[in-house]
Number of protein chains: 2
Amino acid sequence: MSGNVMVNGSVKKDYVRPLDFKNGRVDMNHGAGGRAASQLIEELFLKAFDNELLRQGNDGAVFAPPALDAGARLVMATDAHVVSPLFFPGGDVGCLSVHGTVNDLAMSGATPLYLTASFILEEGFPLADLRRVVESMAAASREAGVPIVTGDTKVVERGKGDGVFISTTGLGVVAAGVDIGGANARVGDVVLLSGTIGEHGVAVLSQRESLQFETSIASDTAALHTLVAAMLAAVPGAVRVLRDPTRGGVATTLNEIARQSGAGMVLEEAAIPVLPQVEAACELLGLDPLYIANEGKLLAVCAPEHEAAALAAMRAHPLGAHAARIGVVTADPHHFVQMNTRFGGRRMVDWLSGEQLPRIC
Amino acid sequence: MSGNVMVNGSVKKDYVRPLDFKNGRVDMNHGAGGRAASQLIEELFLKAFDNELLRQGNDGAVFAPPALDAGARLVMATDAHVVSPLFFPGGDVGCLSVHGTVNDLAMSGATPLYLTASFILEEGFPLADLRRVVESMAAASREAGVPIVTGDTKVVERGKGDGVFISTTGLGVVAAGVDIGGANARVGDVVLLSGTIGEHGVAVLSQRESLQFETSIASDTAALHTLVAAMLAAVPGAVRVLRDPTRGGVATTLNEIARQSGAGMVLEEAAIPVLPQVEAACELLGLDPLYIANEGKLLAVCAPEHEAAALAAMRAHPLGAHAARIGVVTADPHHFVQMNTRFGGRRMVDWLSGEQLPRIC
């Protein structure tokens, strides 16, 4: 972690009382860059994230460049994670901070290589909770195969933060020939969605408001890079846009794509998969699932002749089992996203204009 | 910025009231990923940081890989910036967040290429202050020649943050043959310091406590990569360790290096440059300049036969004008850092064990 050091195996260590992960709390010393900071890094972060690059113990992680074919490119993406509450059904800020940035890389069609993590801790935050978050991050990083190679930790006074904020940044490789971008949708393309929508937002909200639904709803938080890889392998060159509908949900994400591509879209409401318990919860809360954040779903705009193969590849992947074609790209000078409703009408699907759910990721 | 879009030049824009940078404030909508977030990105971040990669408007920035010689490596570094107050003599959180990460890259001997930025804003933060911070960041990024290529913005409720926190992450290239690391110091090496110490910490503290010193003390915040490049060019292979003495100051940084390298150090107090006004302020405040954070200084451990050439290269650079040899690396099984005092004695220079100055960077 930045500016801090590893204990060299051969060096005799001074006796230091180990961190109290049962009753201990973050204090200002943990961010001061001295002994306490060093101890937090060694006993928590290095242990959980353990990998060769992190063990370098320098201000940055130095690594051999990835082998790149001619035409391959690099990609960087970053995300701050301020979800509240920190723990929710199906996940927590730790795994979310890994999935969020891995997914941003994946939405460029990239293979993610490395992550960095910066932590802003609030004084008084229980070390037990911090460890739970860090271990969840470490597990998500291992599962995704994307190591956390360097980091930084700061501490702010009680009442100047909110437990823990985590910013992650990723580096990835986009293979030669892959050209994915929000401006690439063409009239006639199909809009594919990888699965049911709304679980993440509803899970966080239900936890926040201590709502009890009859059926529990878990966040869909997941790393989507292997789903993307399967799609790109199945229909090379056919996927034009990829985006994960997080804040603002499917509605806002599709409006972004429509605007960037200078086109319109028409969706089929009946084709958009929503779990019945999410639909029920949304009805109760007066929310529209189209505007609710997802953390393990993707939207793809795809050449129409490859629709069947793309959907088959998605459905063959555990994270795309409920993939569906939900609409088409149309010529529209206003770049409207419209939707044919279940009742035979057509309505506008506008951008999220206010705040539907704050601090959802 | 993540999940958000550019206005395509050919697209007719809806009429939106422009942001009020005079009296406006950050509200929760600015972090929601909808129209308000998009507007903040377009009217502030894209305008200030303007560059081709940022204009891609996708979840990540995709770029051609840097041309690399055989043996060259990549480096990533990340830092969270939570300095309080946000504005202080000589700088602010904006330029600091650029310098901090550029310097972390430079301390690996790297040429910095790109930065990413993630913002955590507090509801109610004046847009005028945010603009000032962002413009300072943009200026620092331009001056350093390191563009901010992608970013993310989140908003937390009033009382859950503190104005603005900024996490930056950088990517750089380490040339073939350059091998810099905290574990590389050898017995007999010299310890070089690029200039006077303590200004940053004292400047922030004086602002925080509304202290008035007779002579004003400004932060030394600066990007050190061109100084490093000059040193590496002047004495190829001779620089073994580079580290910027930020949190914990020179004392803690040298203890880190001693521990990583499994060696000791002996410093000469008389050789360590401190401005008289910093010395006076430290005396008044009961602080030791050796433990105070710097943001524009570096420590180098260098092969002794190249000391003169290394110092000459440093002194020829505006950021190294007061460079000095401040000590030597010694054989010491305890890895102690000791100091010959001005009065002819010798004392231990220990790690910072507590919090000398919280939220200094």
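Residues numbered from 1 in each chain as written. Chains lettered and ligands numbered in written order. Predicted model: local features only at pLDDT ≥ 70, side-chain atom pairs only at ≥ 80, totals over all residues. Heavy atoms only, no water.

Asker: How should I be thinking about the packing of helix H5 (residues 225-234) of chain B against helix H8 (residues 307-315) of chain B in this particular structure?
Answerer: Working note: a packed helix pair is described by the angle between its axes plus the distance between those axes. Residues and elements named next belong to chain B. Interaxial distance between H5 and H8 falls to 9 Å at its minimum, and their mutual angle equals 150°. Crossing of H5 over H8 shows right-handed handedness. Taken together, the residues of H8 that come into contact with H5 (itself represented by Leu227, Ala230, Met231 and Ala234) are Ala309, Ala313 and Met314. Residues that form the contact of H5 with H8 fall into these classes: seven nonpolar, no polar and no charged. (Axes fitted to C-alpha atoms, helices over the stretch in contact; angles between N-to-C directions. Helix = DSSP H or I, 4+ residues; strand = E, 2+ residues; numbered from the N terminus. Left-handed = near helix turned anticlockwise from the far one by under 90°. Contact = heavy atoms within 4.5 Å. Nonpolar A, V, L, I, M, F, W, Y, C, P; charged D, E, K, R; others polar.)

Asker: In this structure, what is going on with the pattern of salt bridges? I would like to understand it.
Answerer: Pairs can form between side chains of opposite charge whenever their charged atoms are close. Applying the stated criterion to the full structure yields 30 salt bridges over all chains. For Asp79 of chain A, the salt bridge identified is with Lys154 of chain B, shortest N-O distance 3.8 Å. Highlighted residues: Asp79 of chain A in strand E2 (residues 73-81) and Lys154 of chain B in strand E6 (residues 148-156), drawn from two different chains. In this structure, Asp162 of chain B engages Lys160 of chain A in a salt bridge whose closest nitrogen and oxygen atoms are separated by 3.9 Å. Here the residue Asp162 of chain B occupies a position in the loop between E6 and strand E7 (164-174), and Lys160 of chain A occupies one in the loop between strand E6 (148-156) and strand E7 (164-174), the pair thus bridging two chains. Here the salt bridges share partners, and the residues they tie into one network are Asp79 and Arg247 of chain A together with Asp152 and Lys154 of chain B. (Salt bridge = Lys/Arg side-chain N within 4 Å of Asp/Glu carboxyl O.)

Asker: Please explain helix H2 (residues 93-106) of chain B as it appears in this structure.
Answerer: Along an α-helix, a turn takes 3.6 residues, which lines up residues three or four apart on a common side. Taking 1.5 Å as the rise per residue, H2 of chain B with 14 residues should run 20 Å; its terminal C-alpha atoms sit 19 Å apart, in good agreement. The distance from a side-chain oxygen at the start of H2 of chain B to the backbone nitrogen of Gly94 of chain B is 2.7 Å, and the residue carrying that oxygen is Asp92 of chain B. (Expected span 1.5 Å × (residues − 1). Polar contact = N/O pair within 3.5 Å; in protein donor to acceptor, adjacent residues only side chain to side chain.)

Asker: Mind showing me how you'd approach the sheet that holds E6 of chain A here?
Answerer: Strand pairing in a sheet takes place through backbone hydrogen bonds and is either antiparallel or parallel in direction. One open sheet holds the five strands; their spatial order is E6(A)-E5(A)-E7(A)-E2(A)-E1(B), and the pairing between them is mixed. Taken across any chain shown, the strands that pair with only one partner, and hence form the sheet edges, are E6 of chain A together with strand E1 (61-63) of chain B. Direction aside, the axes of adjacent strands within the sheet are offset by 15° on average. Bridging between strand E5 (residues 110-122) of chain A and E6 of chain A involves eight bridges; their strand directions are parallel. Each bridged residue has a counterpart across the sheet, and for Phe119 of chain A the counterpart in E6 of chain A is Thr153 of chain A. Sheet strands touched by helix H2 (residues 93-106) of chain A: E2, E5, E6 and E7 of chain A. Its angle to E2 of chain A, the strand with the most contacts, is close to 150°. (Pairing = 2+ DSSP bridges.)

Asker: How should the relation of the copies chain A and chain B be read in this particular structure?
Answerer: Between the two copies of this chain, the relationship is a rotation about some axis together with a displacement along it. Superposition record for chain A on chain B: RMSD 0.0 Å, screw rotation 180°, translation along axis 0.0 Å. What we have between these two chains is a two-fold relation. Residues of chain A ranked by C-alpha distance from the rotation axis are headed by Gly161 of chain A, positioned 2.2 Å from it. Same-surface contact between copies: 100% of interface residues of chain A are shared with the interface of chain B. (Least-squares fit on C-alpha atoms with pLDDT ≥ 70 in both.)

Asker: I would appreciate a short explanation of the packing of aromatic side chains in the present structure.
Answerer: Each aromatic ring pair is described using two quantities: the centre-to-centre distance and the angle formed by the ring planes. Scanning all chains against the criterion turns up seven aromatic pairs over all chains. Aromatic pair Phe63 of chain A and Tyr114 of chain A: ring centres 4.4 Å apart, planes at 45°, arrangement tilted. Highlighted residues: Phe63 of chain A in strand E1 (residues 61-63) and Tyr114 of chain A in strand E5, separated in sequence by 51 residues. Since its relative accessible area comes to 3%, Phe63 of chain A is described here as buried. On the basis of relative accessible area, Tyr114 of chain A is assigned to the buried category, the value being 17%. For the pair Phe165 of chain A and Phe165 of chain B, a centre-to-centre distance of 6.3 Å together with 45° between the ring planes defines the contact as tilted. Here Phe165 of chain A, found in strand E7, pairs with Phe165 of chain B, found in strand E7, and the two come from separate chains. (Phe/Tyr/Trp six-rings, centres within 6.5 Å; stacked < 30°, edge-to-face > 60°. Buried < 20%, exposed > 50% of the residue type's maximum accessible area, 1.4 Å probe, protein only.)

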